[in-house]
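Structural characterization, general
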Amino acid sequence: MRVISANYTPLDMKENWERYLFALFHDATPGSSIHSVYKELNAELKFSAERQIQSALDEWPQQSNTVDNIVTVVNPLAWKRHGIVEIPEELCSREHPCPYLCSVDDGIFYPIQVVDGRAYSCIELKGLVATPFTTNDSKRPKRSLPPNAMTATPSSLGNGIVHAEFDTYGQIKTFSIRGKPLLIPKHDAASFTLHRDHPEAFDAWDMDHHIVWMKKNAISTPVTLQVIASGPVLAVLKSTPIDIGDNGSTLVIQYSLHSQQQSLSVKCIIDWKECHKALRFQIPTSYCGDVARFGGPFNFVDRVQTPSRQKEEAQWEVPASRWASILDGSMTDGLSIVTESKYGFRAKQGIISLTLLRSPTAPDPKADQGCHTIEFAIARHQNMFCDTADNVPIAAMADELFTPFVVMPSHSCKAATVPPIAFTILGSVVPSWVLPSCSTNSFCVRLHETAGAASNIAFSVRSNASVQKINFNEKVLSIIDPASRQDEENCYEIEVSAYKIVTLRVLFDSSNE
């Protein structure tokens, strides 16, 4: 947010990082299975995150000439994308909503849909910009994006890109993206499963191999999915509470799509009361390549999908950060599950699954019991950024899905429609961090190569800027010269080697500003 608003004052994150690292080391964020730890440390970490967000909003630059019916929306990610934005009530009456939200910058208008008393629009923003939008009827729109065919019935959901069909138990039986089916076997379906989970040694922290086989379907009676929303922006299906387990646990399933979404969002609202049971979600597929791929904080790890030795079968569940993919032999196509945070995944012999909840009784008999909301998405695996918005590598999709646009709280917030750095080619490289540098009048961009292959990237910065390659301590490794292009100035092209993390620093010459 600071970099977008041209505020390059370094962030003071020492206290927040120390508290987070303390929580990570002491098992609070990985999962301690001790309720008092969750109650204390999770609340502290949530407060710290909220304080940082509020600080970013409070320090955003203001303009003196306030304009009514204007809201500024910020894309904190470094690439162009679509996403849902909730429109403040003062801009859009819920009783008599405006038909569209119009971008003041380029004149594109976007439909508005009211769901449960809240107004939403699906907009497109360039990376690292703050764009003003209006609902003023006097400002006629220049053009609109081609509408997608949003459909919602109790047994299907679609937006013209993604299409999913559901069986009588409310579970996915067919799934396609851009008309190409993901390989779910014809007579099978994705399902929620309950597993016996009583490890021999450490109840809260071990999971024994028998959990894979000692299972049953969690949903045993037919389920009716209700259409909650069906309009130009959102299509949503939701079940009533479904009885699962033996102790009165319930599960509510919600499937949703926005008009430009390339994945199917799944939300599980679980009232968990089980003992020594695990709840998992699994998808049978026909992707039977040699390996499956599991995301990490900076890259990924491959694990054998068809085990032939005890060592490989012992890796029956793999911890992953935010995504896992089961692949075909080409390693470029497959089915992915994208999560909001880290989970344990399994991908063996064509079946990909993740553990949603457990219910140990020691050291805390009720640690994981209670109400939980778990969100994830199902998508096609992709290694590279493509030319159009939303065609992103799976390693970037979690950022897209779980990093919302920021709606500025004041009509007087300044816009910033020219990004500080604009990427035109990214390949398999994901810009993961953009933050002020420790040097004066500069910022850093951290790039991760996420597909295991060298990739060329191209970007442009302002004419009074220079670019350096630096290490984590901001020591200069090399000076990057602009590319020789007749059509554009201050453009840069570099190669990022396979698996590498590259940090760039963009410095502005204040004397020329």
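Residues numbered from 1 in each chain as written. Predicted model: local features only at pLDDT ≥ 70, side-chain atom pairs only at ≥ 80, totals over all residues. Heavy atoms only, no water.

Right, let's get into unusual backbone geometry. Most peptide bonds adopt trans geometry, and most residues besides glycine take a negative phi value. For the peptide bond that leads from Ala-362 to Pro-363, omega is 10 degrees, which places it in the cis range. Despite not being glycine, Asp-116 has its phi angle at roughly 50 degrees, a positive value. Position of Asp-116 among the secondary structure elements: in the loop between β4 (108–115) and β5 (118–125). Phi at Arg-178 takes a positive value of approximately 55 degrees, unusual for a residue other than glycine. Tracing the backbone shows Arg-178 in the loop between β11 (172–177) and β12 (180–181). (Helix = DSSP H or I, 4+ residues; strand = E, 2+ residues; numbered from the N terminus.)

Let us look at the sheet that holds strand β29 (residues 429–436). The 5 strands are arranged β29-β30-β35-β32-β33 in an open sheet whose pairing can be described as antiparallel. Looking at the sheet topology across the chains shown, the edges are occupied by β29 and β33 (476–480). On average, each strand axis in the sheet is tilted by 25 degrees relative to the strand beside it, whichever way the strands run. (Pairing = 2+ DSSP bridges. Axes fitted to C-alpha atoms, helices over the stretch in contact; angles between N-to-C directions.)

Another aspect to go through is a nonpolar patch on the surface. Taken together, Trp-17, Tyr-20, Leu-21, Leu-24 and Trp-433 make up a surface patch of nonpolar side chains, about 460 Å² in accessible area. For the nonpolar patch, the element with the most residues is helix α1 (residues 14–25), which contributes 4 residues. The topology assignment puts Trp-433 in strand β29. Judged by its relative accessible area of 35%, Trp-433 falls in the partly exposed class. (Patch = residues over 30% accessible without salt bridge, like charges linked within 9 Å, V, L, I, M, F, W, Y side chains within 5 Å. Areas by Shrake-Rupley, 256 points an atom, 1.4 Å probe, with all protein chains shown as cover. Salt bridge = Lys/Arg side-chain N within 4 Å of Asp/Glu carboxyl O. Buried < 20%, exposed > 50% of the residue type's maximum accessible area, 1.4 Å probe, protein only.)

Moving on: the state of the cysteines. Each disulfide is one covalent bond, formed between the sulfur atoms of two cysteines. Under the counting rule described, the total for this entry stands at 0 disulfides. Cys-122 carries a free sulfur, and the closest cysteine sulfur to it, the one in Cys-102, is 15 Å from it. Classification of Cys-122 by relative accessible area gives buried; the value is 5%. Cys-371 carries a free sulfur, and the closest cysteine sulfur to it, the one in Cys-268, is 14 Å from it. For Cys-371, a relative accessible area of 68% translates into the label exposed. (Disulfide = S-S within 2.5 Å.)

With respect to the helices and strands, Thr-285 occurs in the loop between β20 (277–284) and β21 (291–295). Looking at Thr-285, its side chain comes within polar contact range of the main-chain oxygen of Gly-350, at 2.7 Å. Here Thr-285 is in contact with Leu-183, Ile-184, Pro-185, Ile-326, Leu-335 and Gly-350, once residues within four sequence places are set aside. (Polar contact = N/O pair within 3.5 Å; in protein donor to acceptor, adjacent residues only side chain to side chain. Contact = heavy atoms within 4.5 Å.)

As enumerated under the stated definition, the model contains 16 salt bridges in all. Note that Glu-59 is salt-bridged to Arg-2, the shortest N-O span being 2.6 Å. Of the two residues, Glu-59 is situated in the loop between α2 (35–58) and β1 (70–75) and Arg-2 in the segment before α1; the sequence distance between them amounts to 57 residues. On the basis of relative accessibility, which here comes to 31%, the residue Glu-59 falls in the partly exposed class.

It is worth spelling out α2 at this point. Its 24 residues place the ends of α2 34 Å apart at the C-alpha level, agreeing with the 34 Å of an ideal helix rising 1.5 Å per residue. The complete set of buried residues in α2 reads Tyr-38, Leu-41, Leu-45, Ser-48, Ala-56 and Leu-57. (Expected span 1.5 Å × (residues − 1).)

Let us now look at the nonpolar core. Phe-175, Phe-192 and Leu-279 are the most contacted members of the largest nonpolar core, which totals 54 residues. When near neighbours in sequence (up to four residues on either side) are disregarded, Phe-192 contacts Gln-171, Lys-216, Asn-217, Ala-218, Ile-219, Leu-251, Ile-253, Cys-268, Leu-279, Arg-280, Phe-281 and Leu-356. Of all hydrophobic cores here, the second largest spans 47 residues; its members include Trp-79, Val-338, Val-392 and Phe-423. (Core = buried A, V, L, I, M, F, W, Y, C linked by side-chain atoms within 4.5 Å.)

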